Amino acid sequence: MPMILNSDTKMVRETAHDYFREKSPILAFRKLRDSQDADGFSRPLWREMAELGWTGFLVPEDHGGSGFGHLGLGQVMEAAGRTLAATPLLGSALIGAVAIDLGGSEAQKSAHFPGLVAGETIFALALEEGAHHAPYRIATTAKKAGAGWVLDGAKQFVLDGHIADTLIVVARTSGGPRERGGITLFLVAGDATGVARRRSIMVDSRNAARITLSGVSVGADAVLGVVDGGADLLDTILDRARAGLAAEMLGSSAEVFERTVQYLKDRKQFGVPIGSFQALKHRAAHMYCEVEATRSAVTAALDALDGNANDASLLVALAKAKACSTARLTGDEGIQMHGGIGMTDEVDIGFFLKRARVAEATFGDVAFHRDRYAALSGY
Amino acid sequence: MQALDAFRADTRAWLEANCPPAMRTPMPAEEAVSGGKNATFANPDSKVWFDRMVARGWTAPVWPKEYGGGGLSKDEGMVLEEEMKALGCRAPLGGMGLSMLGPVLLEYGTEEQKQQHLTKIIRGEIRWCQGYSEPGAGSDLAGLQTRAVLQGDHFLVNGHKIWTSNAHYADWIFCLVRTDPTVKKHDGISFLLIDMADPGVRPRPIRLISGYSVFCETFIENVRVPKDNLIGEMNKGWTIAKRLLEHERKSIGGIGERGAKSREKPIPDMAKQHVGEVGGQIADFVLRDRVASHAMDAHAFSLTRRRAAEEAESGAPPGPLSAMFKYYATELNKRRYEAVLAAGGTQQLGWEGDDFSDDEIRLGREWLRSKANTIEGGTSEVQLNIIAKRVLGLPD
């Protein structure tokens, strides 16, 4: 299992870093926020990203993708994290692609992949029903009605939910409210009758929505994967999403860290750069160690997913937990070391803190993944 | 590549035929072989294994054959290491001669010095100790005061060294001495080898909080040291001193990983034993969280070590990553023992006697010993300074 990138992946990495720095710097994100953009992302840029092939990295070649893999997409997400680029990478290029690829029938693949790869259709995973990530705590019901199903329930914190063309709805087809069994995934059109969507304004100014499903009728062909056995597919989708998100968080943490070290060199007090003070040096050096340890965990997890390694889930739990704790460290230290100026909206550093906290809560925080790591390790 | 595969096959066959089964088990500290005139072999098989490895020069596999080393290429050395690891072979010989002084002699020593000392290190005939720290020179190592005055063909040395590990068993000591007190402190230091047979060199063991006495203070009084024992140039010893510290930190930086693979019961099992389990999980969820937290950081660190090794193998210039190893590994090792104590409760706090198993007593002592990890070989604070300066480029 390699921990260093081959030349193809390195090239993707460089392209992505150049692209986001040039086309989607933090200023672009700031404009989206300030203009209260209805989409919450730039459709022209998203089409460019599709042209660069990123939407097809997890789509097989015979469906118009490249199958380049998670390590490759992880490089793109890390680069996006550096500039806090608001894109549908996570919900569509990652979750959408993985869900259709691993759960979809040939008909579903043919129906959904072209729009996804072209960057024309947006996907959103409608999973959470409470304030904490709880993949099996599903009260939303799907009841058999003739050949099809009728869905009822309420979802929250649905990333890109208010603009998604296709919702991947996690619903309960049998079993109790916290049971792993009895879960089924459905593909539901975002504008289907009975779907009510309301955008949630989150602290990180990124896309999320509350979605109510009231008697939403879908056909039998809306089922993604196996009826009642959807938890396996969901777990696989979530692991891949967590690793990708960890890569994005790594990019953000690395950026905050580098900006903060630069500030320590530039900012003078008492006639000297504040970076000459040992109290700050030591904390900066410790941040370096944590960012690098996180990079190792994220790289190992992405690579393990590409190779379907036995310990992939364990490595993903490690990567997401490390990404969360490091993001919290760099976010807090970034503000503290910037001092008062770091508290202003004018300086970008606070954006990272806000994004980090929402990303931390997405698909499991440190506690969630520590629990998972322990359980997977047999204790 | 083919030649390397052949070497691997030969090596594996030789190890299987020559490494006694008892030497393929995790090594208790008391069975470690350190060589020297006072060498002991607590396990008779250690002697067999030691003799066989010495005969091949494989106590120092990549050192030149002319000095008694194995003469292996870097790649062959790695193959040997991998094969020994695969079989679980113990290191046949340890000590500061192999891990610290030897590499420095190979780089800075004269031909005569190499011939005089390397073979004896490889064959375990001389045990070395390190005369670096002084009572007044700890983290500020360059502030050392041990004086060496050149008088014709010899130096007259006077001083007081401390934390000289195992000096009471050692035969020779490599010392940092002040040869010029009139210049900036880094510019007046020399690197000197001293034969401890001289009655003026007196090591005295220091009793530590762990109850062990692995460290000594060593008094040096009017000891005449031949001028030929100077390594490198006079007053240029600081460069050599720093290079040797890199070797030392590399060996300490491995602690975390070695510790994680040691022979005692895994920490989760200890926790289950003492607090019980619910559905296969440690019953105390706060303790479980703590155990997992340490395990995860150790895991991320071992992945980082692997990444650095792969970067080095790929021929990339030595990255900045290795600067974090000593700091991270030793902090992790301390946390590891804290997790052991948390899991073991009062059963892990026994000092001696029949109420506690040997492992429990040893782990308790090792917990205390681990506190030195972040002090010796450059404190964590010194390591963070080094990262801040060399990796982050922060100003002095």
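Residues numbered from 1 in each chain as written. Chains lettered and ligands numbered in written order. Predicted model: local features only at pLDDT ≥ 70, side-chain atom pairs only at ≥ 80, totals over all residues.

S.K.: What exactly am I supposed to notice about the overall build of chain A here?
M.R.: The helix and strand inventory of chain A stands at eleven helices and ten strands. For a compact globule of 379 residues, the expected C-alpha radius of gyration is about 21 Å, and chain A comes in at 21 Å, within 12% of that figure. Taken along its principal axes, the extent of the C-alpha atoms in chain A is 80 × 50 × 40 Å. Within chain A, the proportion of its 379 residues that are buried is 55%. Residue pairs in contact within chain A that sit at least 24 positions apart in sequence constitute 75% of those at least 6 positions apart. (Helix = DSSP H or I, 4+ residues; strand = E, 2+ residues; numbered from the N terminus. Rg over C-alpha atoms; globule rule 2.2 N^0.38 Å. Buried ≥ 20, exposed ≤ 12 C-beta atoms within 10 Å, placed from the backbone. Contact = placed C-beta atoms within 7 Å.)

S.K.: What is the right way to read the overall build of chain B from this model?
M.R.: What chain B contains, in helices and strands, is twelve helices and ten strands. For chain B, the C-alpha radius of gyration of 22 Å lies close to 21 Å, the compact-globule estimate for 396 residues. For the C-alpha atoms alone, the extent of chain B along its principal axes is close to 75 × 50 × 50 Å. Every one of the 396 residues in chain B was classed for burial, and the buried ones make up 41%. By sequence separation, contacts in chain B at least 24 residues apart represent 68% of the contacts at least 6 residues apart.

S.K.: Any chance you could explain the pairing of strand 2 (residues 141–145) of chain A here in plain terms?
M.R.: Look at any regular strand and the pattern is simple: side chains alternate between the two faces of the sheet. For strand 2 of chain A and strand 3 (residues 148–158) of chain A, the ladder comprises five bridges, and the chain directions are antiparallel. What sits directly across from A:Thr141, in strand 3 of chain A, is A:Asp152. (Pairing = 2+ DSSP bridges.)

S.K.: So what exactly am I meant to see when it comes to the packing of helix 1 (residues 2–18) of chain B against helix 3 (residues 74–87) of chain B here?
M.R.: Relative orientation and spacing of two packed helices are given, respectively, by the angle between their axes and the distance between those axes. All names here are of chain B. At a minimum axis distance of 10 Å, the contact between helix 1 and helix 3 shows a crossing angle of 40°. Here helix 3 runs oblique to helix 1, going by the angle between their axes. Crossing hand, helix 1 versus helix 3: right-handed. Contacts from Leu4, Phe7, Arg8, Thr11, Arg12, Leu15 and Glu16 of helix 1 reach helix 3 at Asp75, Glu76, Val79, Leu80, Glu83, Met84 and Leu87. Taken together, the residues of the contact of helix 1 with helix 3 sort by class into seven nonpolar, one polar and six charged. (Axes fitted to C-alpha atoms, helices over the stretch in contact; angles between N-to-C directions. Parallel < 35°, antiparallel > 145°, perpendicular 65-115°, else oblique. Left-handed = near helix turned anticlockwise from the far one by under 90°. Nonpolar A, V, L, I, M, F, W, Y, C, P; charged D, E, K, R; others polar.)

S.K.: Would you mind showing me how to read the domain arrangement of chain B here?
M.R.: Often the size quoted for an interface is simply the accessible area lost on bringing the parts together. For chain B, the assigned domains read domain 1 (2–94), domain 2 (128–236) and domain 3 (254–391). Relative placement of domain 1 of chain B and domain 2 of chain B: their C-alpha centres are 31 Å apart. (Domains from an automatic or database assignment.)

S.K.: Would you mind showing me how to read the interface of chain A and chain B here?
M.R.: Each side of the interface is counted separately: chain A has 31 residues, and chain B has 36 residues. Secondary-structure elements contributing two or more residues to the side of chain A that touches chain B are helix 7 (230–266), helix 8 (278–306), helix 9 (312–338) and helix 11 (366–376) of chain A. Here the element with the most residues in the side of chain A that touches chain B is helix 8 of chain A; it accounts for twelve residues.

S.K.: Whenever I open this one, the confidence of the model for chain B confuses me. Can you help?
M.R.: Interpretation of the predicted coordinates at a detailed level should be avoided for regions scoring low in pLDDT. Residues and elements named next belong to chain B. Averaged over every residue, the pLDDT of chain B is 92; residues scoring 70 or more account for 96%. Here residues 255–261 is modelled with pLDDT under 50, and outside its nearest four sequence neighbours on either side it reaches 14 contacts, counting other chains as well. Reported for the predicted complex are a pTM of 0.90 and an ipTM of 0.95. (pLDDT = per-residue confidence, 0-100.)

S.K.: Is there a simple way to explain the nonpolar core in this structure?
M.R.: The tendency in soluble globular proteins is for nonpolar side chains to be buried side by side. By size, the foremost hydrophobic cluster in this structure holds 160 residues, and its most contacted members are A:Phe186, A:Tyr288, A:Ala301 and A:Leu318. Counting residues per element, this core draws most heavily on helix 7 of chain A, which supplies 18 residues. Not counting residues up to four positions away in its chain, the partners in contact with A:Phe186 are A:Ala142, A:Trp149, A:Leu151, A:Val169, A:Ala171, A:Val218, A:Ala222, A:Val223 and A:Leu224. Counting residues in hydrophobic clusters, the runner-up holds 64 residues, among them B:Ala60, B:Val79, B:Tyr132 and B:Ala241. (Core = buried A, V, L, I, M, F, W, Y, C linked by C-beta atoms within 7 Å.)

S.K.: Just checking my understanding: could you explain the domain arrangement of chain A for this structure?
M.R.: Residue and element names in this part refer to chain A. Here chain A is partitioned into domain 1 (7–121), domain 2 (125–230) and domain 3 (232–376). Listed as interface residues are twelve residues of domain 2 and, on the opposing side, eleven residues of domain 3. When the residues that make up the side of domain 2 that touches domain 3 are grouped by side-chain class, the tally is six nonpolar, four polar and two charged.

S.K.: Whenever I open this one, the environment of A:Leu280 confuses me. Can you help?
M.R.: Residue and element names in this part refer to chain A. If you trace the backbone, Leu280 turns up in helix 8. It is 39 Å that separates the C-alpha atoms of Leu280 and Met49, two residues lying 231 residues apart in sequence. If we ignore the near neighbours within four places in the chain, the residues touching Leu280 are Leu264, Ile274, Gly275 and Met337.

S.K.: It is not clear to me how the pairing of strand 7 (residues 209–218) of chain A should be interpreted in this structure. Could you clarify?
M.R.: Residues and elements named next belong to chain A. Bridge count for strand 3 against strand 7 is seven bridges, and the pairing is antiparallel. Looking at the pairing, Ala154 lines up with Thr212 of strand 7. Relative to strand 7, strand 6 (residues 195–199) is paired through five bridges, and the arrangement is antiparallel. Each residue of the ladder has a partner; that of Arg197, found in strand 7, is Ile211.

S.K.: Mind showing me how you'd approach unusual backbone geometry here?
M.R.: Glycine aside, the phi torsion of most residues is negative, and most peptide linkages are trans. One non-glycine residue, A:Ser205, lies in the positive phi region at around 60°. Examined against the element boundaries, A:Ser205 turns out to sit in the loop between strand 6 and strand 7. Unlike most non-glycine residues, B:Trp163 shows phi in positive territory, near 60°. The class of B:Trp163 is buried, set by 22 C-beta atoms lying within 10 Å.

S.K.: What is the right way to look at the packing of helix 1 (residues 7–23) of chain A against helix 4 (residues 70–82) of chain A in this model?
M.R.: Residue and element names in this part refer to chain A. Two numbers describe how helix 1 lies on helix 4: the axes approach to 8 Å, and their chain directions differ by 25°. One way to sum up the angle between helix 1 and helix 4 is to call them roughly parallel. The hand of the helix 1/helix 4 crossing is right-handed. On the side of helix 1, the interface is formed by Thr9, Val12, Arg13, Ala16, His17 and Phe20, while helix 4 contributes Leu71, Gly72, Gln75, Val76, Ala79, Ala80 and Arg82. Taken together, the residues of the contact of helix 1 with helix 4 sort by class into seven nonpolar, four polar and two charged.

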